[in-house]
Amino acid sequence: MSRVLVLHYHEIWLKGGNRRFFLSRLVAAVKRALAGLPVKSVVHVSERLILSVENNMDHNLLLERLRRVFGIAYIAVAEETPLELPVLTKAACDIMVKKNPRSFAVRAKMAAPNFGMNSMQVERELGREILQALRARSSDVRVNLEAPEATCWVEIIPERAYVYTERVAGAGGLPAATAGRLVTLLSGGFDSAVAAYKMMRRGAHSVFVHFYGSPGPSKSSSLQVAEEIVSTLTPYQFTSRLYEIPFDGAQRQIVAGAPERYRVLLYRRLMARIARQVALAERALGLVTGDSVSQVASQTLHNLATLDYGMDLPVYRPLAGDDKEDVVRWARQIGTYSISCQPFEDCCPRFLPRSPAIFAKPEELVHAEARLDIEGLITSSLEEAKVVDFKYSGGEVRRQPAIPRRLQKLVLRRKTADGQIASQTHEGNLEQEGPRDRVEHAKADPR
Ligand code: ATP
Ligand code: MG
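Fair warning: this is a prediction, and the values are worked out from it, not measured in the lab.

So, how was this worked out
Per chain, residue numbering runs from 1 following the sequence as it is written. Chains and ligands are labelled sequentially in the order written, the chains with letters from A and the ligands with numbers from 1. Predicted model: local features are reported for residues with pLDDT of at least 70 only, side-chain atom pairs are reported and counted for 80 or more only, and whole-chain, interface and lining totals are derived from all residues. As a convention, hydrogens and water are excluded, and side-chain values are obtained from all of the structure's heavy atoms. The pairing criterion for strands is at least two bridges between them, as found by DSSP. Put simply, DSSP H or I for four residues or longer makes a helix, DSSP E for two residues or longer makes a strand, and each gets a number counted from the N terminus. The source of the domain bounds is an automatic or database domain assignment. Note on contacts: a residue pair is in contact if any heavy atoms of the two residues lie within 4.5 Å. In short, buried area is how much 1.4 Å probe accessible area vanishes from two parts on joining, totalled over both. Cavities and pockets were defined on a 1 Å grid built over protein atoms only: a cavity is a set of grid points that admits a 1.4 Å probe from which the probe cannot escape, a pocket is an open set flanked by protein on both sides within 12 Å along at least five of seven lines, and lining residues are those with an atom within 4 Å of any such point. Grid points are joined across faces, edges and corners, and a volume is the space filled by probe spheres set on the points. Note that Gly is not counted as nonpolar here; it falls among the polar residues with everything else outside the nonpolar set of Ala, Val, Leu, Ile, Met, Phe, Trp, Tyr, Cys and Pro and the charged set of Asp, Glu, Lys and Arg. Three labels apply to residues, based on accessible area from a 1.4 Å probe with only protein chains included: buried if under 20% of the type maximum, exposed if over 50%, partly exposed otherwise in between. Residues are labelled near a given molecule or strand when at least one of their non-hydrogen atoms is within 4 Å of it. In protein, a polar contact requires one atom able to donate a hydrogen and another able to accept it; more generally it is a pair of N or O atoms within 3.5 Å, and residues adjacent in sequence count only if both atoms are side-chain atoms. Accessible areas in this description were obtained via Shrake-Rupley with a 1.4 Å probe; residue shielding takes into account the shown protein chains only. For a cavity or pocket, the test is whether more than half of a molecule's atoms lie within 2 Å of its grid points; if they do, the molecule sits there.

A. Focus on the sheet that holds strand β13 (residues 287-288). Strand order in the open sheet made by the 7 strands is β14-β13-β10-β11-β12-β15-β16, with mixed pairing throughout. In this open sheet, the two edge strands, each paired with only one partner strand, are β14 (315-316) and β16 (396-401). The pairing of β13 with β14 spans 2 bridges and is parallel. Its bridge partner lying in β14, L287 is registered against V315.

Shown next, in the form of structure tokens:
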């Protein structure tokens, strides 16, 4: 008998023709997550992964790493036995005697058609033996199928069986980096970190963009908070890139050059346009924000529709229908809660208007920014961006400055005559933004 980890995956079996692709990504993610630990093998058998490790290995360490692998529904530390009923029965009795519950149930999962017993027969047979073993110690032990104090799980596959009493919930979702890239606008608050996580959990690889202002005397910079959040989220997708973009200058121009009531919407729209350029450079397929409908004035349905007007990339808002409590629960679970709780200088609420626009129309925003050099602001912001790469390996996240060559080329192009002509075409007409940038996208150099 030896101890193994049984990993059950999530939803992947639904994927028909793509199953092999998802499975190979899952196996790769499991191996990557466990890098540096003495894992002997990761084998895919009968719709589960079986992980063999050195016998003296600390399973908590393994579970801690595996908890962050998307695509896993649950994990069990199990005894592996040969497929012989007496050996299996003894293993099940030993485990349950050790557990010593007052009530129990046996649940069997069968994936060995030639075993000669079905799951109900296995459950009955083992239940009887376990009851006898437990009653030898205490006479009031009962079988309780509805609400047992302990469950003895048995999984039978060709030639082997697995027995365990605890299941640890996995991260669920789909394996990392199976869906393409998205650019997350990460503020440092609770919402956008959770929004990124939810999209990552669906297989999207998140590139992060954070806009920061210079901190006041009582608060620290949001940059540090954004970096900590990215660092916390990186184990889920193994690598991350964070674009850090100063926003003071752009905010000052908006405050000086546009009507007060549209300020926040103009900040947000400019952020999205800059993030869109990052998406072009990163070959990302959409943006992600932490907007939750009607949470603040800028998030009314009218304002969200206006913010997206003319945007030629999808903007995902995975928290649109969530309450703050839902978001906070997620933030605690994924480890970003305490980071977002720190007092930091959030640039978005700066110079808040006394009476912000609640039902802004697209043409009102176009009019409001008519005196601003939006294209110039986008270019200068991109030019000032600093980029940090994060890499998770051996249980640690390491950071290092990156040189985003594709973004540099994109900035260069924007500064050439071509870019200037494009920006003139754009002026005052949001709808023209799409085709121009599609051309730009097509011209983007491979990294
Ligand atoms: P969060 O908790 O993510 O800050 P929020 O509910 O506080 O969200 P806002 O501050 O209005 O709402 O921001 C809405 C969304 O705009 C954020 O979720 C985020 O995606 C984006 N955003 C706001 N500020 C920034 C920033 N400084 N840098 C990058 N994105 C930002
Ligand atoms: Mg915020």
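B. A look at the domain arrangement of the protein chain. Assigned domains of the protein chain: these are domain 1 (2-169) and domain 2 (181-403). Each of domain 1 and domain 2 has a C-alpha centre, and these two points are 42 Å apart. Listed per partner, the contact involves 8 residues of domain 1 and 11 residues of domain 2. The contact between domain 1 and domain 2 buries some 1000 Å² in all, and 57% of this surface belongs to carbon and sulfur atoms. Considering only the surface of domain 1 that becomes buried against domain 2, R32, R68 and F70 emerge as the three largest contributors, covering 63% of it.

C. How the structure looks around the layout of surface pockets. In this model, the largest pocket occupies a volume close to 790 Å³. As for the largest pocket, its lining consists of 37 residues, of which S187, R268, Q299, D346 and C348 are closest to the centre. The element contributing the most residues to the lining of the largest pocket is helix α8 (residues 263-282), with 4 residues. When its residues are assigned to classes, the lining of the largest pocket shows 18 nonpolar, 12 polar and 7 charged. When its volume is computed, the second largest pocket comes out at roughly 350 Å³. Along the walls of the second largest pocket sit 17 residues, with R3, V77, E79, I95 and T165 positioned nearest its centre. Looking at the lining of the second largest pocket, the elements that each hand over two or more residues are α2 (59-66), β4 (72-82), α3 (85-99) and β8 (160-164). Looking at which element gives the most residues to the lining of the second largest pocket, the answer is α3, with 5 residues. Split by residue class, the lining of the second largest pocket holds 9 nonpolar, 2 polar and 6 charged.

D. Up close: unusual backbone geometry. With a phi angle near 65°, E47 is a residue other than glycine that sits in the positive phi range. Among the secondary structure elements, E47 is positioned in the loop between β2 (39-45) and β3 (48-53). For E47, a relative accessible area of 37% translates into the label partly exposed. Its identity as a non-glycine residue notwithstanding, F238 has a phi of 75°, on the positive side. Along the polypeptide, F238 turns up in the loop between α6 (222-237) and β12 (239-246).

E. Main features of the site of ligand 1. Close to ligand 1 lie 21 residues, the nearest being L185, S187, D191, S192 and Q295. A distance of 3.4 Å separates an oxygen atom of ligand 1 from a polar atom in the backbone of F190. Interatomic distance of 3.3 Å between a side-chain N/O atom of Q299 and an oxygen atom of ligand 1. When the free accessible area of ligand 1 is taken as 570 Å², the share hidden by the protein chains comes to 92%. The site holding ligand 1 turns out to be the largest pocket. Where the shell around ligand 1 is concerned, the elements lending two or more residues are α5 (190-201), β11 (204-212) and α8. Residues of the shell around ligand 1, tallied by class, amount to 9 nonpolar, 9 polar and 3 charged.

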